[in-house]
Amino acid sequence: MYVLMCPCIATPSLRAVGITKDADLRAFARAQERCRTFGIDTVMMPCSETEYLGPDHPPGPYEGRLDTPAFAEIMDQSEATVRAVIRERGAPLCIVGVDSSPVCGVNQTYRTDIRHPGRGVFLSRFPEIPVLDVCDFARYRVYLAAPLFSEAERAYNRSVAALLREHLFAVHLPQECGDSSAERSSDHTSEIFAENLAALAAADVVVAIIDGADTDSGTAWEMGYAYAQGIPVIALRTDFRQVGASERVNLMLEEAACVTDRAEMLPHLLFSPRLCPRWEDTAIGHI
């Protein structure tokens, strides 16, 4: 299993001068961390833009700057290099690109001075290979918030965690980390709180199970904390009961989350690299 990765993710100095922010660097590091965590090999693609413009080049669009026969020839060579890797290793899991790049953009690209939807000029040469923006690929640490007080609840939580792990997400599931009836009956409650809070604060996204006549209070607390910290929340409610004419569950929880009624939708909503879109596929919407 391997991914093709834009080279600036490993070497940010290849990017145009002045465009790399701290958030970009964190995403680049986290994307590489995900690969190490799950044993995903990374193959860095050639950087046609830097080869053509040289290091320390200024940012700019494709048209009027890169739309030349010389650059097209460099891209031909770069494509041949990538195609050779694919012939040798088979199809990659996906290409990890950098959105808005005129060359390696995923969902949008600066073909002109205005951003346009679609892939950059180099990634568009691989329409058969799924692509994923590095920021989506980097978002892989999931905190699974859910009630855990019955065997049925714990079994369902395990099944949801297993589904997410199959899609290369690292899942913190409190019931697997000492949060049990035995521990709660002892003097460990402060330790449980501290451990779960640290995992929650470090999460890239929270998946919350909100079944029941009313949402579990601990799960609701975790959702509220995540929302206040700017951590995206995806809520799963398979319970068909509604609490109001237009509410499936408490409106404060619904407004703070993206709610789905099917567990199998979670990998799509989380931008699983096993399900990332191919050429001109429509993404569900970024979290």
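Owing to the predicted nature of the structure, the values given are computational and were not obtained by experimental measurement.

Some details on the nonpolar core
Turning to step 1, where the next piece is worked out: Ranked by size, the top nonpolar core spans 42 residues in total, and within it Val3 and Leu4 carry the most contacts.
Turning to step 2, where the next piece is worked out: Taken together, the elements giving at least two residues each to this core come down to strand S1 (2-5), helix H1 (22-38), helix H3 (69-89), strand S3 (95-97), strand S6 (131-133) and helix H4 (134-138).
Turning to step 3, where the next piece is worked out: Leaving out residues up to four positions away in the same chain, Val3 has contacts with Cys35, Ile40, Asp41, Thr42, Val43, Pro92, Leu93, Cys94, Val96 and Phe137.
Turning to step 4, where the next piece is worked out: Core analysis: the next-biggest nonpolar cluster, separate from the first, contains 19 residues, Val205, Val207, Ile234 and Leu266 among them.

Brief notes about unusual backbone geometry
Turning to step 1, where the next piece is worked out: Its identity as a non-glycine residue notwithstanding, Asp56 has a phi of 60 degrees, on the positive side.
Turning to step 2, where the next piece is worked out: Here Asp56 lies in the loop between helix H2 (48-53) and H3.
Turning to step 3, where the next piece is worked out: In this model, Ser100 sits at a positive phi of 80 degrees, which is unusual for a non-glycine residue.

Concerning the pairing of strand S7 (residues 141-145)
Turning to step 1, where the next piece is worked out: Of all five residues making up S7, four are buried, and the element is well covered by its neighbours.
Turning to step 2, where the next piece is worked out: Note that S7 and strand S8 (residues 170-172) share three bridges and pair parallel. When the sheet's bridge partners are listed, Val142 is paired in S8 with Val171.
Turning to step 3, where the next piece is worked out: Note that the unit made of S7, helix H5 (residues 151-166) and S8 has a crossover that is right-handed.

Regarding the sheet that holds S1
Turning to step 1, where the next piece is worked out: In space, the four strands of this open sheet follow the order S2-S1-S3-S6, with parallel pairing throughout. Whereas interior strands pair on both sides, the edge strands pair on one side only; in this sheet they are strand S2 (41-44) and S6. Strand after strand, the sheet turns through a mean of 30 degrees between neighbouring axes, direction not considered.
Turning to step 2, where the next piece is worked out: Where S3 lies against S6, three bridges are found, and the strand directions are parallel. Residue pairing across strands places Ile95 opposite Val131, the latter belonging to S6.
Turning to step 3, where the next piece is worked out: The strands touched by H3 within the sheet are S1 and S2, with S1 carrying the most contacts at an inclination of about 180 degrees.

Details of the confidence of the model for the protein
Turning to step 1, where the next piece is worked out: Per-residue confidence for the protein gives a mean pLDDT of 89, with 91% of residues at or over 70.
Turning to step 2, where the next piece is worked out: When the criterion is pLDDT under 50, residues 279-287 qualifies, and its contacts beyond four places in sequence or with other chains add up to 18 contacts.

Here we look at the sheet that holds S8
Turning to step 1, where the next piece is worked out: Pairing is parallel in the open sheet, where five strands are placed in the order S8-S7-S9-S10-S11. Two strands close off the open sheet at either side, each with one partner strand: S8 and strand S11 (258-260). Strand-to-strand, the axes of this sheet are offset by a mean angle of 25 degrees, without reference to chain direction.
Turning to step 2, where the next piece is worked out: Where strand S9 (residues 205-209) meets strand S10 (residues 233-236), four bridges bridge the pair, whose relative direction is parallel. Bridge pairing in S10 places Val206 opposite Val233.
Turning to step 3, where the next piece is worked out: Lying over the sheet, helix H7 (residues 189-202) contacts S7, S8 and S9, oriented at roughly 130 degrees with respect to S7.

Comments concerning the side chain of Gln175
Turning to step 1, where the next piece is worked out: Along the polypeptide, Gln175 turns up in the loop between S8 and helix H6 (181-184).
Turning to step 2, where the next piece is worked out: Of the polar contacts made by the side chain of Gln175, one reaches the side chain of Asn157; its length is 2.9 Å.
Turning to step 3, where the next piece is worked out: Those residues in contact with Gln175 that lie beyond four places of it in its chain are Leu148, Arg154, Asn157 and Arg158.

Overview of the packing of H7 against helix H8 (residues 217-228)
Turning to step 1, where the next piece is worked out: At their nearest, the axes of H7 and H8 sit 10 Å apart, and the two run at 40 degrees to each other. Relative to H8, H7 is oriented oblique. Considering how the two elements wind past one another, H7 and H8 form a crossing that is right-handed. Taken together, the residues of H8 that come into contact with H7 (itself represented by Phe193, Leu197, Leu200 and Ala201) are Trp221, Glu222 and Tyr225.

Quick look at the packing of aromatic side chains
Turning to step 1, where the next piece is worked out: Counted under the stated rule, the structure contains five aromatic pairs.
Turning to step 2, where the next piece is worked out: Note on Phe38 and Tyr140: the rings are 6.3 Å apart at their centroids and 75 degrees apart in plane angle, and the pair reads as edge-to-face. Highlighted residues: Phe38 in helix H1 and Tyr140 in the loop between H4 and S7, separated in sequence by 102 residues.
Turning to step 3, where the next piece is worked out: Given a relative accessible area of 24%, Phe38 falls into the partly exposed group.
Turning to step 4, where the next piece is worked out: By relative accessible area, Tyr140 is classed as buried at 3%.
Turning to step 5, where the next piece is worked out: Where Phe122 meets Phe126, the ring centres are 5.4 Å apart and the plane angle is 80 degrees; that geometry is what we call edge-to-face. Each member of the pair, Phe122 together with Phe126, is buried.
Turning to step 6, where the next piece is worked out: Feature note: the residues Phe193, Trp221 and Tyr225 constitute an aromatic cluster, connected by ring pairs.
Turning to step 7, where the next piece is worked out: The lysine or arginine in question, Arg34, covers the ring of Phe137, its NZ or CZ lying 5.1 Å from the ring centre.
Turning to step 8, where the next piece is worked out: Looking at Arg89, its charged tip hangs above the ring of Tyr2, at a distance of 4.5 Å from the centre.

Calculation notes
- Residues numbered from 1 in each chain as written.
- Predicted model: local features only at pLDDT ≥ 70, side-chain atom pairs only at ≥ 80, totals over all residues.
- Heavy atoms only, no water.
- Core = buried A, V, L, I, M, F, W, Y, C linked by side-chain atoms within 4.5 Å.
- Buried < 20%, exposed > 50% of the residue type's maximum accessible area, 1.4 Å probe, protein only.
- Helix = DSSP H or I, 4+ residues; strand = E, 2+ residues; numbered from the N terminus.
- Contact = heavy atoms within 4.5 Å.
- Pairing = 2+ DSSP bridges.
- Right-handed = clockwise from strand over helix to strand, strands pointing away.
- Axes fitted to C-alpha atoms, helices over the stretch in contact; angles between N-to-C directions.
- pLDDT = per-residue confidence, 0-100.
- Polar contact = N/O pair within 3.5 Å; in protein donor to acceptor, adjacent residues only side chain to side chain.
- Parallel < 35°, antiparallel > 145°, perpendicular 65-115°, else oblique.
- Left-handed = near helix turned anticlockwise from the far one by under 90°.
- Phe/Tyr/Trp six-rings, centres within 6.5 Å; stacked < 30°, edge-to-face > 60°.
- Lys NZ or Arg CZ within 6 Å of the ring centre and 35° of its normal.

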